[in-house]
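Per-entry structural report
Chain by chain, the residues:
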Amino acid sequence: MSFFNKNWESDIKPILTMKPTNTKDPEYYHKVVDCQYACPAHTPVPEYIRLIAAERFTEAYMVNWESNVFPGVLGRTCDRPCEPACRRVRVEEEPVAICRLKRVAADNKGDVRQYMPQGPFPSNGKKIALIGGGPASLTVARDLAPLGYEIHLFDEQVAGGGMMRSQIPSFRLPEEVLNEEVNFILDLGIHTQFLTYVKSLKEVLEGGYDAVFVGTGAPKGRDLPKLPGRKEGDKNIHIGIEWLAGVAFEHTKSIASKVIVLGGGNTAMDCCRTSRRLGGKEVKVVVRSPFDEMKASPWEKEDALHEDINIIDNHVPLSFEVNDGKLIGMKFQKVKPVYDENGKRQLLPTEEDEVFIEADEVLIAIGQENSFPWIERNIGLEFDQWGMPVVDEVTFQSTNVKVFFGGDAAFGPKNVITAVAQGHQAAVSIHLFCEGLDVHDRPSPYTNLVSQKMGIHEWSYDSGVAIDQRYIVPQAKKSQTLKDRKKEVELGFDIATAYKETQRCLNCDVQTVFTEDRCIECDACMDVCPTSCITFTINAEEPELRQNLLVPAENLTQDLLVSKELKTGRVMVKDEDVCLHCGLCAERCPTSAWDMQKFLYNTTKANQMITPLPLIEK
Amino acid sequence: MSYLKPLFRHPKLPKNKLGYTQKEYEGSLSTLCAGCGHDSISAAIVQACFEMSVEPHKVAKISGIGCSSKTPTYFLGNSHGFNSVHGRMPSVATGASMANKDMVYFGVSGDGDSASIGMGQFVHVIRRNLNMVYIVMNNGCYGLTKGQDSATADQGSRSKAGSVNPFQAIDLASLAIELGATFVAQSFSGDKQQLVPLIKAAMHHKGFAFLNVISPCVTFNNNPGSTKSYDYVREHIEATSTLDFVPEMPEIKTNYEKGKSTRVAMHDGTLIQLNKLATDWNPEDRVSVANALQHARTKNEILTGLLYVNTEWKDLHGTLSTCSTPLNKLKETDLCPGVEALGEINAGYR
């Protein structure tokens with residue numbers, strides 16, 4: 001009997017304990033890679049950041065392209081859910097500039113086409129229609145074309161790209177960048193029918209397609225039809241996304257001097273910044289909510305403020321003011337936010353007088369909606385009470401088995417990266433469906449776990465932890481960018497700065513893999529761990545165990561890695577929360593019970609699925 | 001390659017009374033072999049000093065030569081340190097303590113440094129009852145010179161190369177008790193639950209506090225047949241008691257079983273609360289302690305925990321009746337009282 005058990009004789013041994021962590025489940029290690037886990041498309045972020053550090057930009061680009069299809073576009077415009085998830089936020093403050101590093105790969109890439117699927121592809125005899133030419137549809141096209149599908153893409157605009165073209169202004173996303181990445185896909189042999197507005201899904205279905213994908217986005221901008229003066233001032237009141245599309249396709253070339261933009265999201269930011277470039281001198285964004293709670297990304301707000309745009313928060317629009325048939329401004333009610341005990345917000349009017357703000361033109365950017373006037377309601381495709389199609393959340397199949405949805409068209413407006421992720425899944429479903437297989441039988445992710453050990457103190461990844469703070473992306477001069485709406489504002493990192501930024505990445509995909517059988521319980525790992533993640537203790541139920549660690553594991557979103565029972569009756573518990581992946585536990589382990597192993601996780605795309613062997617009749 | 005420890009720490013690291021986190025008590029990254037027991041002892045010292053809210057500049061670490069004596073680099077990086085000559089740490093510690101009695105002195109030594117080359121110094125520092133914590137990181141071998149048997153290697157213990165040690169071991173704890181050390185404890189590097197309170201109690205003991213800590217050498221003495229390996233020690237360890245060091249606690253806790261609970265009051269009003277596991281043993285009775293150690297030896301057991309404590313004896317400063325101000329703080333005016341005072345003294349002899 002060991003002395004540990006003796007010491008604990010008087011204690012009551014907990015009956016319920018945590019089970020050893022099943023690290024064979026690919027989702028366990030996947031979750032440790034916070035950025036990749038948070039990314040809807042699960043792009044292997046640390047993998048491409050290391051490639052950028054090694055100046056292997058072409059490979060870094062391909063890791064991205066494989067996963068998110070539009071690295072150049074997303075490196076500039078992504079909503080970057082990866083960044084708030086970044087472990088660096090929990091260790092210091094600022095995340096790694098993941099998004100802008102992606103752009104470095106795109107800006108400096110070499111010949112990437114050589115690594116892309118090379119057409120023409122032998123036909124598999126199946127025909128697919130894609131309605132809408134945005135990120136979701138293009139992703140489906142890219143995944144299915146190499147499998148031999150004949151793909152027809154319909155879009156009402158003159159070129160592909162969808163909202164990436166019509167709504168994202170050129171000073172954030174240059175047209176050449178978008179064209180290049182759209183063309184990578186169209187050049188796979190996609191049959192495009194631009195300037196074609198699809199009026200009837202029924203007609204499409206009758207066109208002999210094996211499956212139809214709907215990626216028509218959320219094309220309808222919200223309006224304020226009931227606000228007094230809306231009709232009278234109509235000439236000078238525009239819907240934000242329509243106005244942005246007008247600018248993108250060069251139908252709109254100027255705006256009046258005084259502009260009000262209603263709304264607090266990213267579209268509002270794009271509207272106000274575009275207005276500044278088209279002649280707007282006094283541009284004001286007026287938003288109902290407090291500044292801090294606006295929907296726009298913080299960096300977008302910063303950029304708007306930098307361009308002398310006034311953001312007025314806590315103002316609710318009352319009316320459009322029209323004089324002599326001409327819009328002269330708007331009236332607003334000042335409000336203040338009041339929160340109940342559940343944190344739910346209410347905007348209550350203050351005692352103050354109504355506020356009048358002068359304006360020659362108003363842009364309404366208060367949200368956008370789906371719109372399916374072209375889908376007949378009698379083709380076996382159900383809609384819910386909010387007018388949205390009934391779509392399976394995993395397979396993206398509608399109630400008409402031949403019709404699949406993805407992107408904003410499926411579950412309402414989100415963002416490009418979500419559209420891409422959904423496109424991948426829809427493509428998998430379409431392929432399964434066309435092969436006559438069960439669409440619910442999803443392919444497992446591709447995973448790989450490889451030791452990085454090279455010597456006593458040497459790893460094949462850079463295990464040092466840089467203390468540098470986040471580097472700032474340089475911008476072009478305001479005097480230049482405000483003159484030319486096509487002049488890109490952000491200049492991107494130069495290679496030297498990009499390298500420094502890459503070193504901030506903690507390599508969370510290099511996993512701390514623990515093998516119980518080898519552990520001699522010398523405590524070396526527990527002693528050396530800089531962030532006190534490792535504790536050897538008696539097992540207990542999760543809430544209790546979390547409290548019993550060297551530093552209590554209070555971040556419940558982060559898992560505990562629990563070992564099997566060790567010789568002394570204790571277990572090894574590692575709190576994944578602030579692990580730096582520095583490898584010191586493995587370096588100080590005398591028996592290699594700890595090892596640093598690189599975990600690669602890739603969601604399986606349609607073109608990577610293993611086709612089942614045909615059944616041979618006996 | 002990581003010879004540097006990352007600078008980030010857990011953002012919710014607890015703080016002690018001084019507002020310091022454990023980081024302020026750490027040293028450089030260890031260059032000892034991975035898994036060395038010495039590193040765990042270093043970590044226990046860090047933890048004890050952190051929890052006691054010791055001001056790092058009020059601690060001096062003094063060591064001799066050997067793997068153990070390298071460790072002061074790896075803990076208490078903000079404290080004073082002196083890496084002295086092989087086996088001569090007690091002399092340096094005595095000198096330092098005589099000059100400045102206001103510091104906590106950690107003497108760190110190994111089995112070679114204390115039981116062989118420094119045995120004479122070890123014996124005499126016990127005799128002097130110098131106010132210090134003397135830790136022997138005892139791995140039973142000369143780890144720095146490829147693992148030859150040391151004087152504390154047990155008879156019959158098998159080395160990694162296969163040879164069996166024919167000599168009797170020097171039992172440092174028994175020796176210390178025999179010589180009249182006033183605080184003697186034995187522990188194991190792999191048991192911080194026991195080691196940390198022992199170090200705390202040792203720091204509060206006014207006099208010579210000896211800690212013999214068995215610390216496996218993973219490289220040369222962690223093989224089957226060794227009596228200082230992780231596995232052997234875990235199988236043969238017997239604790240005298242579980243213990244808590246109580247920095248300040250007036251009232252008696254009642255959750256210890258009656259008759260088994262003992263409390264030892266230290267000079268400064270702190271307490272050691274012992275929950276006895278061994279029978280026929282009284283930590284304040286030297287004879288019972290010597291017997292317990294002998295019994296354990298015949299049963300091949302390693303007796304750990306607090307073995308003996310005596311708070312009656314004066315430490316060196318007490319014996320020499322030095323002044324209350326540390327000698328290094330005495331000014332010229334204190335040391336040279338002037339012609340008048342000299343006259344008075346001389347007059348006293350007439």
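Just so it is clear, the model here is predicted, and its values are computed rather than measured.

Reading the values: the criteria
Residues numbered from 1 in each chain as written. Chains lettered and ligands numbered in written order. Predicted model: local features only at pLDDT ≥ 70, side-chain atom pairs only at ≥ 80, totals over all residues. Core = buried A, V, L, I, M, F, W, Y, C linked by C-beta atoms within 7 Å. Buried ≥ 20, exposed ≤ 12 C-beta atoms within 10 Å, placed from the backbone. Helix = DSSP H or I, 4+ residues; strand = E, 2+ residues; numbered from the N terminus. Contact = placed C-beta atoms within 7 Å. Axes fitted to C-alpha atoms, helices over the stretch in contact; angles between N-to-C directions. Parallel < 35°, antiparallel > 145°, perpendicular 65-115°, else oblique. Left-handed = near helix turned anticlockwise from the far one by under 90°. Pairing = 2+ DSSP bridges. Domains from an automatic or database assignment. Nonpolar A, V, L, I, M, F, W, Y, C, P; charged D, E, K, R; others polar. Expected span 1.5 Å × (residues − 1). Arc of directions from axis to C-beta.

Of all hydrophobic cores here, the largest spans 220 residues; its most connected members are A:Leu144, A:Phe213, B:Val133, B:Ile199 and B:Leu211. Tallying contributions element by element places helix H18 (residues 416-434) of chain A first for this core, with eleven residues. With near-sequence residues (within four places) excluded, A:Phe213 lies in contact with A:Ile128, A:Leu130, A:Ile131, A:Ser137, A:Val140, A:Phe404, A:Gly406, A:Ala426 and A:Ile430.

Moving on, we get to the environment of B:Ser189. All names here are of chain B. Take serine 189: it is sitting in the loop between strand S7 (183-188) and helix H7 (192-204). Spatially, the C-alpha atoms of serine 189 and aspartate 39 are 8.4 Å apart, while their sequence positions differ by 150 residues. Those residues within four positions of serine 189 in sequence are excluded, and the remaining contacts are Gly37, Ser40, Ile41, Val213, Ile214, Ser215 and Pro216.

Quick look at the packing of helix H14 (residues 240-248) of chain A against helix H15 (residues 266-277) of chain A now. The geometry of a pair of packed helices is captured by two quantities: the angle between their axes and the separation between those axes. Residues and elements named next belong to chain A. Two elements in contact, H14 and H15, have axes whose closest approach is 10 Å; the angle formed by their N-to-C orientations is 45°. Relative to H15, H14 is oriented oblique. In the crossing of H14 with H15, the sense of the turn from one axis to the other is left-handed. Every residue of H15 that contacts H14 at Gly240, Ile241, Trp243, Leu244 and Val247 is listed here: Thr267, Ala268, Asp270, Cys271 and Thr274.

Counting from both sides, the interface comprises 28 residues of chain B and, opposite them, 33 residues of chain A. When residues of the side of chain B that touches chain A are traced back to their parent elements, those giving at least two are helix H1 (37-51), helix H8 (230-236) and strand S9 (237-239) of chain B. Tallying contributions element by element places H1(B) first for the side of chain B that touches chain A, with four residues.

This part covers the sheet that holds strand S20 (residues 560-562) of chain A. All names here are of chain A. An order of S19-S21-S20 is seen for the three strands of this open sheet, with the pairing classed as antiparallel. Of all the strands in the sheet, just strand S19 (534-537) and S20 have a single pairing partner and so form its edges. Averaged over all pairs of adjacent strands, the angle between strand axes in this sheet comes to 25°, irrespective of strand direction. In this sheet, strand S21 (residues 571-575) lies alongside S20 in antiparallel orientation, the contact comprising three bridges. Each residue of the ladder has a partner; that of valine 562, found in S21, is valine 573.

Residues and elements named next belong to chain A. Here five strands make up an open sheet; going across it, the order is S3-S2-S1-S4-S16 and the pairing parallel. The sheet is open, and its two edges are formed by strand S3 (191-193) and strand S16 (403-405), each paired on a single side. Along the sheet, successive strands turn relative to each other by an average axial angle of 20°, direction set aside. Inspection of the sheet shows strand S1 (residues 127-131) paired to strand S2 (residues 150-154) by five bridges, in the parallel sense. Counted as the bridge partner of isoleucine 131 is phenylalanine 154 from S2. Along the sheet, H18 contacts S1, strand S4 (211-214) and S16; its crossing angle with S4, the most-contacted strand, is approximately 170°.

Looking now at the domain arrangement of chain A. All names here are of chain A. Each domain of chain A was delimited in the assignment, giving domain 1 (3-22 + 451-463 + 506-602), domain 2 (33-113 + 475-502), domain 3 (117-219 + 370-434) and domain 4 (227-367). Distance between the C-alpha centres of domain 2 and domain 3: 26 Å. Contacts between the two partners involve 19 residues from domain 2 and, on the opposite side, 23 residues from domain 3. Broken down by element, the side of domain 2 that touches domain 3 gets its largest block of residues, five residues, from helix H6 (residues 71-77). The residue makeup of the side of domain 2 that touches domain 3, split by class, is nine nonpolar, four polar and six charged.

Leaving glycine aside, a negative phi is the common case for residues, and trans is the common case for peptide bonds. Cis peptide bonds are those with omega within 30 degrees of zero, and the linkage from A:Gly119 to A:Pro120 qualifies with -5°. Turning to its location among the elements, A:Pro120 is positioned in the loop between helix H9 (98-108) and S1. Positive phi, close to 50°, is recorded for A:His42, a residue that is not glycine. Here A:His42 lies in the loop between helix H3 (34-38) and helix H4 (45-53). Phi is positive for B:Leu76, close to 45°, though the residue is something other than glycine.

Because an α-helix completes one turn every 3.6 residues, residues spaced three or four positions apart along the sequence face the same direction. Residue and element names in this part refer to chain B. When the terminal C-alpha atoms of helix H9 (residues 286-298) are compared, their 19 Å separation across 13 residues agrees well with the 18 Å that a helix rising 1.5 Å per residue should span. Among the residues of H9, those classed as buried are Val289, Ala292, Leu293 and Ala296. An end-on view of H9 places all buried positions within 95° of arc, on one side of the element. Among the exposed residues of H9, those oriented more than 90 degrees off its buried face are Val287 and Thr298. Considering only its buried residues, H9 is in contact with helix H6 (172-179), S9 and strand S13 (302-309).

Attention shifts here to the packing of H6(B) against H9(B). Residue and element names in this part refer to chain B. Viewed as axis vectors pointing N to C, H6 and H9 meet at an angle of 160°, and their least axial separation amounts to 10 Å. One way to sum up the angle between H6 and H9 is to call them roughly antiparallel. Of the two elements, H6 crosses H9, and the hand of that crossing is left-handed. Contact residues: H6 offers Ala173, Ser174 and Ile177, while H9 offers Arg286, Val289, Ala290 and Leu293. Its residues assigned to classes, the contact of H6 with H9 comprises five nonpolar, one polar and one charged.

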